[in-house]
Amino acid sequence: MGRQRQLRSAEQITDADSDAAQCAQRTERREVRRFGLLVMLGCGGRVSAQELFFSAQAEGSSNNKYLEVFNPSCAVVPLGNYGIRSVTNGGEDFEHDLAFDDGAQIAAGGTWVICDPRADASILANCDQQHRYLSNGDDAFALVTSGGTQVLDIIGAVGEDPGAGWAVAGIDQATKDHTIVRKPGVLAGNAGNWEASA
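For the structure given in this document, a descriptive report is provided here.

**Observations regarding the packing of aromatic side chains**
Centre-to-centre distance and the angle between the planes together describe a pair of aromatic rings.
Then, in step 1: Taken as a whole and judged by the stated rule, the model has 2 aromatic pairs.
Then, in step 2: Where Phe53 meets Phe70, the ring centres are 5.5 Å apart and the plane angle is 65°; that geometry is what we call edge-to-face. Here Phe53 is found in strand S2 (residues 53-59), whereas its partner Phe70 is found in strand S3 (residues 65-70), with 17 residues between them in sequence.
Then, in step 3: A residue is classified by how much of its surface remains accessible, and Phe53, at 0% relative accessible area, is buried.
Then, in step 4: Overall, the relative accessible area of 1% leaves Phe70 in the buried class.
Then, in step 5: Ring centres 6.4 Å apart and planes at 65° place the aromatic pair Trp166 and Trp194 in the edge-to-face group. You can see Trp166 sitting in the loop between strand S11 (151-155) and strand S12 (178-181) and its partner Trp194 sitting in helix H3 (residues 194-197), a full 28 residues away along the chain.

**Focus: the state of the cysteines**
Then, in step 1: A complete count under the given rule lists 1 disulfide for this structure.
Then, in step 2: Each disulfide pairs two cysteine sulfurs, and for Cys115 the partner residue is Cys127, the sulfurs being separated by 2.2 Å. The sign of the S-S torsion, about -115°, decides the handedness of the disulfide formed by Cys115 and Cys127: left-handed. Residue Cys115 is located in strand S8 (residues 111-115), and its partner Cys127 is located in the loop between helix H2 (121-124) and strand S9 (129-130); the two are separated by 12 residues in the primary sequence.

**Brief notes about the nonpolar core**
Then, in step 1: Membership of the largest hydrophobic core comes to 31 residues, with the highest contact counts inside it found for Leu52, Phe54, Leu79, Ile84, Phe100 and Leu143.
Then, in step 2: The residues touching Phe100, leaving out its near neighbours within four places in the chain, are Val69, Leu79, Tyr82, Gly83, Ile84, Trp112, Ile114, Gln129 and Leu143.

Cut-offs and rules
Residues numbered from 1 in each chain as written. Predicted model: local features only at pLDDT ≥ 70, side-chain atom pairs only at ≥ 80, totals over all residues. Heavy atoms only, no water. Phe/Tyr/Trp six-rings, centres within 6.5 Å; stacked < 30°, edge-to-face > 60°. Helix = DSSP H or I, 4+ residues; strand = E, 2+ residues; numbered from the N terminus. Buried < 20%, exposed > 50% of the residue type's maximum accessible area, 1.4 Å probe, protein only. Disulfide = S-S within 2.5 Å. Core = buried A, V, L, I, M, F, W, Y, C linked by side-chain atoms within 4.5 Å. Contact = heavy atoms within 4.5 Å.

Here's what the structure looks like:
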């Protein structure tokens, strides 16, 4: 089962060289504040977010890369009904599919981290699943329902070549050599509309 984690307190775009240390620090903070996030999301009977979405992506130096999927709901979510599709270098359609590990699930308010198996040890320590082909900054990744019929969230845009990477929050090429993290008020993915997130 994915580790208990939560979204960070503010959107962050950071240099990739410190990704390993930041990954470990975010995990510590998420453990301490997990209960507060669950209440905020409505596990006490108030507002309830439903679908999974990307909460962070790191494209760091060398192979220090990871994707983080967040479960904003108040229940454990089995990942067998979800997948990740990708397209490289501005391709016109999805080219690659990544299935979650058999039996994978995310706890309420938790995350599932997919990282490059060659990443720094501090990133690997927070990794739930390994996958060698993560973004170089110009590859789009979509979180989809089983069979890829519905895009819940996307980082990047299909059919658009961004050069080295896409701009995020006014930072050029922010998907290259940076870690991007969703703002804590975000309760749903962009449904395939990258511009809504960038």
